[in-house]
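Chain and residue survey
Here are the chains, one letter per residue:
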Amino acid sequence: MKRREFIKNTSIVLSALMFTGCKNNFVFDKGEKKMKIFILTGSPRKNGNSNTLADYFSKGATEAGHNVVRFDSAFKNVHPCSACNKCNMDGKCVYKDDFQFVKENIIDADCVVFATPMYYFGISAQLKAVIDRFYSINGKISTPKKAVLLMTYADTAKIEAEPIILHYKTLLNYLNWEDSGQIIASGVWSMGSINNTEYPKKAYELGKNI
Ligand SMILES: Cc1cc2nc3c(=O)[nH]c(=O)nc-3n(C[C@H](O)[C@H](O)[C@H](O)COP(=O)(O)O)c2cc1C
């Protein structure tokens with residue numbers, strides 16, 4: 001092979017290698033960054049405080065390029081778990097209802113967001129019914145995921161928020177999920193009162209930087 005031919009061939013190979021390398025890096029970086037985020041809300045107040053936090057979080061996450069899917073538990077039909085154990089914690093649930101949507105979207109989600117009002121120091125029953133149905137897919141969702149808690153309550157005592165935070169942390173620990181942020185919004189009672197606080201902005205920023 002002549003010298004000129006050798007240089008020409010070598011530069012073609014090098015360019016091809018560089019292109020493939022960049023391409024792979026690009027895909028890798030993109031894969032790292034873009035997540036599927038599954039939001040579960042629990043309030044029956046459509047424009048309520050926790051739903052507003054979910055809206056803002058979703059806006060930030062979408063703007064950051066993530067794929068956001070949402071399930072508003074209070075407006076869906078999800079039967080409470082009746083402990084028949086037919087699913088054996090990793091199979092088919094006997095109930096054919098809207099939980100099917102949760103099943104289809106949570107298993108491959110990279111991040112799960114819980115948005116709930118405080119009801120008697122716990123999460124709302126609507127959201128709890130959905131979480132209890134995790135039982136039927138327990139084996140499939142016990143894989144590393146990020147998680148976020150968005151919670152609203154009327155009182156301002158920090159101690160009153162502790163049962164929900166502890167529940168959330170214990171659930172994450174059990175499922176091998178990792179906490180990626182919490183917004184605990186106190187002092188918000190009436191619908192829309194959260195709009196007079198800094199919490200929506202914080203939720204937006206959390207979504208943007210998740
Ligand atoms: C059934 C019920 C129970 C509640 N329990 C509490 C409570 O234990 N502590 C509290 O501070 N606020 C409590 N609240 C007030 C809500 O947590 C508060 O209004 C919250 O911002 C509602 O969120 P949402 O607008 O997303 O539904 C309760 C409200 C309802 C309707």
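The structure reproduced in this document is the subject of the present report. (Residues numbered from 1 in each chain as written. Predicted model: local features only at pLDDT ≥ 70, side-chain atom pairs only at ≥ 80, totals over all residues. Heavy atoms only, no water.)

**Topic: the nonpolar core**
Note on soluble globular proteins: their nonpolar side chains tend to be buried together. Grouped together as the largest cluster of nonpolar side chains are 31 residues, with contacts concentrated most on Leu-40, Val-102, Ile-106, Phe-114, Phe-134 and Trp-177. At the level of elements, strand E1 (36-41), strand E2 (67-72), helix H3 (99-106), strand E3 (111-117), helix H4 (125-132), strand E4 (145-152) and helix H6 (162-175) are the ones that each hand at least two residues to this core. No other element matches the six residues that H6 contributes to this core. Once residues within four sequence positions are removed from consideration, Phe-134 is found in contact with Leu-40, Phe-99, Val-102, Ile-106, Phe-114, Ile-141, Leu-175 and Trp-177. If you look at the next biggest cluster of nonpolar residues, it comprises 20 residues, including Ala-54, Ile-194, Tyr-199 and Ala-203. (Core = buried A, V, L, I, M, F, W, Y, C linked by side-chain atoms within 4.5 Å. Buried < 20%, exposed > 50% of the residue type's maximum accessible area, 1.4 Å probe, protein only. Helix = DSSP H or I, 4+ residues; strand = E, 2+ residues; numbered from the N terminus. Contact = heavy atoms within 4.5 Å.)

**Observations concerning H6**
Between its terminal C-alpha atoms H6 stretches 20 Å, which fits the 20 Å expected from 14 residues at 1.5 Å a residue. Here H6 has its buried residues at Ile-164, Ile-165, Tyr-168, Leu-171, Leu-172 and Leu-175. What you see down the axis of H6 is that its buried residues fit within an arc of 130°, all on one side. Opposite the packed face of H6, turned more than 90 degrees from it, sit the exposed residues Leu-166, Asn-173 and Tyr-174. Lining the buried residues of H6 we find E3, H4, helix H5 (138-141), E4 and strand E5 (177-185). Where H6 terminates, the next one or two residues include Asn-176, which has phi positive at roughly 70°. (Expected span 1.5 Å × (residues − 1). Arc of directions from axis to C-beta.)

**Things to note about the environment of Asn-51**
When you line up the elements, Asn-51 lands in helix H2 (residues 49-63). Aside from chain neighbours lying at most four places away, what touches Asn-51 is Thr-41, Ser-43, Arg-45, Lys-46, Arg-70 and Asp-72.

**Here's the deal with the site of the ligand**
Neighbouring residues of the ligand: 16 residues in total, closest Ser-43, Asn-49, Ser-50, Met-118 and Val-188. The separation between an oxygen atom of the ligand and a polar main-chain atom of Trp-189 is 2.8 Å. Alone, the ligand offers 640 Å² of accessible surface; in the complex the protein occludes 83% of this. Of the residues in the shell around the ligand, the class split is nine nonpolar, five polar and two charged. (Near = heavy atom within 4 Å. Polar contact = N/O pair within 3.5 Å; in protein donor to acceptor, adjacent residues only side chain to side chain. Areas by Shrake-Rupley, 256 points an atom, 1.4 Å probe, with all protein chains shown as cover. Nonpolar A, V, L, I, M, F, W, Y, C, P; charged D, E, K, R; others polar.)

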